Amino acid sequence: MERQVLIISILCLSYVVGQVSYSVPEEMAKGSLVGNIAQDLGLDVKRLGSGKARLYTGDSAQYIELNRERGVLLIKEKIDREVLCRQTTPCALHFQITLESPLELFPVTVEITDVNDNAPVFQKEERVFEISESAIVGSKFMLEKAIDPDIGLNGLQRYTLKPSDNFVLKLHAQSDGSKKVEMILQKPLDREKQEHISLVLTAEDGGEPQMTGTMKIYVTVLDANDNAPVFSKPVYKASITENSVKGTLVTKVTASDADKGTNGEVTYVIGNSMDTVSKLFHINNEGDVILDGLIDYEIEKNYNIDIEAIGQGGLSDSSKLIIDVIDVNDNRPVVNMISASGSIPEDSARKTVIALMSVNDPDSENNGKVNCVINENIPFEIKFTSNNFYSLVTDSDLDRERASNYNITVICTDEGVPSLSSSVTLTLQISDVNDNAPVFERSSYEAYIVENNTPSLSIFTVKATDADWNQNARVSYILEDSSVNGVPVSSYVSVSADSGVIHAVRSFDYEQIKDFHFRVKAQDGGSPPLSSNVTVKIMIQDQNDNPPQVLYPVQTGGSLVAEMVPRSADVGYLVTKVVAVDVDSGQNAWLSYKLQKATDRALFEVGLQNGEIRTIRQVTDKDAVKQRLTVIVEDNGQPSRSATVVVNVAVADSFPEVLSEFTELTHDKEYNDNLTFYLVLALAVVSFLFITCLVVIISVKIYRWRQSRILYHSNLPVIPYYPPRYSDTLGTGTLPHVYNYEVCRTTDSRKSDCKFGRAGSQNVLIMDPSSTGTMQRIQSEKSILDEPDSPLERQEAHTG
Ligand SMILES: *[C@@H]1O[C@H](CO)[C@@H](O)[C@H](O)[C@H]1NC(C)=O
Ligand SMILES: *[C@@H]1O[C@H](CO)[C@@H](O)[C@H](O)[C@H]1NC(C)=O
């Protein structure tokens, strides 16, 4: 009302004078110039003084004052537009300047312009919300408005909300021109992610400088059971050694539920309800997986367990638990003989397979790695063939004679710690092969047999052994064919096939054969048989079975032979020499000569060794012409055998003397023919000379023979000789000895059965063409003795 009055008054005044308007911003300092009023009114400053100019504002407050001296309007009091006009625009001060004398009235209007001196302001500094995380997108939350008293651009212009992750602002224009401020959920809340959210709501004006006001908004997100439990891993792995005791903790699984409080409680179950797994393991509420039964690596190497975590709200998660079973070396290797030979021949080739076996160890890795060995120092070898199979083979040559059986122990050990092993023993027989020939105990045999033995006499035994077995070692003895003096050896000896005893088949005569040898073969019973042979030498020993034989003087039935001794002969005169031989040998042929009978024992003596007849005293005229000496020749055998010879000696100086004596002597003889006597006498003389030479030769030979001590190897002439007893008794050696012997005993030895075809018989031997050499030799020796014109005699005569 007052203002309207004022305005009307101004209008009235203005009729009087011109109107002056000024515009000043609010909040100008006291004393600030508003305008030069004097000038603007066209008044002199003095007029102002004189006119006592003053301001008239009615009863409204005085904000402006008039400086009369300077003629200007000044700010008297700080003007706050917002207090003065609130939201009214324009905001102006209306007053009059009054002058006295003359009274003058000048209306003045001072418009107060807005200055941005107010910031937007919220009533409360903060605001708290509690919003469930399950709040849906689009939910609205009312916020309070900010207030800015300034107007226009300086007034409230806009709001901002930061951060703007979950919420956005929405402004609704309201009927009063202000705006409703809403916060809208544009993205779901998640307590589990962010339980508390701080926001800042800022209100801004448009002034220059801009001013703002803020409010803090605190949002607490309330939990909803919106989370399933979650396992910490998609797959759990654990391991457990086999044979672990019940109640062993296998592993621990955890599932977390992001919800709060009871919403976050989790229980665990094993999903494999049908499997054996559920019987072997259980899981408690803490997530401990516990062993409930026995586990065996050899049955199951790992377990796949489905585990489930269930939250309070029924939400759940599942995971897998893989439990590996760790092997423990709890199984021994198992050795199975697939095939095995009980015996193999000793000549089996190297690397012959004798057994095949399989070895298994169900454990794993090193616990299941198996090595097999066999006992040492046997000629076998174990070979790994393939994939748990082993074969046992021979490694070197076998010899049944060295070892006839083997116990082969196969020991199989695994590589576990500690390792386990098992063994199996195989007994292998080595069967015999005929690989050894019989071997004689000696490399050669010598045996002695005394001549004149009984046929069938066992001489001695040869023996051979064979290292093989049974039939392969059964030795039989066989006499090998050969000939002795052109006669098969089987007619001399026989060999017993079983015992190796050597029998004489005939009676031996040392004077015929002194030794012979043959071979005996020992043969085993193998197939093919093996054999070896040995030389057997049989030496026949001499017996004194021959008496000495006198070669000279020759004993004739009727002829008369006499040695001449001249009467002038000295002591020691060699009258003649008795020559005798003995076909035996050694002592049996060592002859001694003795005078047995003599006409005059004092006149002659006989050399004991040499058979020389010598005079032992001077021959006298009284001695008879005709002397008769009987000399006995004895050998040195046991018992000794002897022969006697009669030696006629004529002691005379001339033939007639001898003749007359011997004519008497031969009176009663057939030879009374003188001529014959002379011829005989002449022959005797010639013979004497020859014999003397012969004796010298023989003496020399005998001497040499004694020197060399070789039995019966002299070149003495062999005298034709016919064994006195065994000339005809024996048969052949080809038949078994006993049989042969029997036959000859049961038949008359003189009968043709035995005589013919019995090559060993003495008579037949002489008739045998192969023996004719012997006969001829005997005969030629004889002719040397008999024939006067033999080369030997001629030679002797020459030298004599
Ligand atoms: C093998 O064993 C058997 C019985 O145990 C025994 O009689 C035999 O002598 C053994 N052989 C060897 C070569 O050790
Ligand atoms: C006898 O044995 C020898 C070797 O000791 C051999 O050389 C010979 O051939 C054998 N003789 C026979 C007839 O078997």
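A few points on the structure. It should be emphasised that the depicted structure is a prediction, and the values quoted were computed from it without experimental measurement.

Side note on the sheet that holds strand E38 (residues 476–479)
- In spatial order, the strands read E35-E44-E43-E38; together these 4 strands make up an open sheet with mixed pairing. Each having just a single partner strand, strand E35 (444–450) and E38 make up the two edges of the open sheet. Across this sheet, the average inter-strand angle for adjacent strands is 30 degrees, counted without regard to direction.

Points about the nonpolar core
- One finds Ile502, Phe516, Val520 and Val536 to be the most contacted residues of the largest nonpolar core, which totals 29 residues.
- Listed by contribution, the elements that provide at least two residues to this core are E35, strand E36 (458–461), strand E41 (493–495), strand E42 (501–504), strand E43 (515–523) and strand E44 (531–541).
- Excluding its chain neighbours within four sequence positions, the residues that come into contact with isoleucine 502 are Leu457, Ser458, Ile459, Phe460, Val462, Val493, Ser494, Val495, Phe518, Val520 and Val536.

Concerning the site of ligand 2
- Every residue near ligand 2 is listed here: Glu480, Arg519 and Asn533.
- In the model, an oxygen atom of ligand 2 is placed 2.6 Å from a nitrogen or oxygen of the asparagine 533 side chain.

Brief notes about the sheet that holds strand E23 (residues 288–291)
- If you walk across this open sheet you meet the 3 strands as E19-E23-E22, and the pairing is antiparallel. With partners counted over all chains shown, the strands left at the sheet margins are strand E19 (249–252) and strand E22 (281–283), one partner each. For this sheet the average axis-to-axis angle between neighbouring strands, irrespective of direction, equals 20 degrees.
- As paired strands, E22 and E23 are joined by 3 bridges and run antiparallel to one another. Bridging from a neighbouring strand, isoleucine 283 pairs with valine 289 of E23.

So, the pairing of strand E15 (residues 196–205)
- In terms of burial, E15 is largely enclosed, as 7 of its 10 residues are buried.
- Sheet analysis places strand E12 (residues 156–162) next to E15, joined by 6 bridges and oriented antiparallel. Each residue of the ladder has a partner; that of threonine 160, found in E15, is threonine 202.
- With 9 bridges joining them, E15 and strand E16 (residues 212–222) adopt antiparallel strand pairing. Within E16, the position partnered with valine 200 by the bridge is lysine 216.
- Linking E15 back to E16 in an antiparallel pair, the connection comprises 6 residues.

So, the packing of aromatic side chains
- Throughout the structure, instances matching the rule amount to 15 aromatic pairs.
- Relative to tyrosine 390, the ring of phenylalanine 384 lies with its centre 5.2 Å away and its plane at 75 degrees, an arrangement referred to as edge-to-face.
- Ring centres 5.5 Å apart and planes at 45 degrees place the aromatic pair phenylalanine 508 and phenylalanine 516 in the tilted group. In this pair, the class of phenylalanine 508 matches that of phenylalanine 516, namely buried.
- Following the ring pairs from residue to residue traces out a cluster consisting of Phe440, Tyr445, Phe460 and Tyr477.
- When the ring centre of tyrosine 297 is taken as reference, the NZ or CZ atom of lysine 301 above it lies at 4.8 Å.

Definitions and cut-offs
Residues numbered from 1 in each chain as written. Chains lettered and ligands numbered in written order. Predicted model: local features only at pLDDT ≥ 70, side-chain atom pairs only at ≥ 80, totals over all residues. Heavy atoms only, no water. Pairing = 2+ DSSP bridges. Helix = DSSP H or I, 4+ residues; strand = E, 2+ residues; numbered from the N terminus. Axes fitted to C-alpha atoms, helices over the stretch in contact; angles between N-to-C directions. Core = buried A, V, L, I, M, F, W, Y, C linked by side-chain atoms within 4.5 Å. Buried < 20%, exposed > 50% of the residue type's maximum accessible area, 1.4 Å probe, protein only. Contact = heavy atoms within 4.5 Å. Near = heavy atom within 4 Å. Polar contact = N/O pair within 3.5 Å; in protein donor to acceptor, adjacent residues only side chain to side chain. Phe/Tyr/Trp six-rings, centres within 6.5 Å; stacked < 30°, edge-to-face > 60°. Lys NZ or Arg CZ within 6 Å of the ring centre and 35° of its normal.

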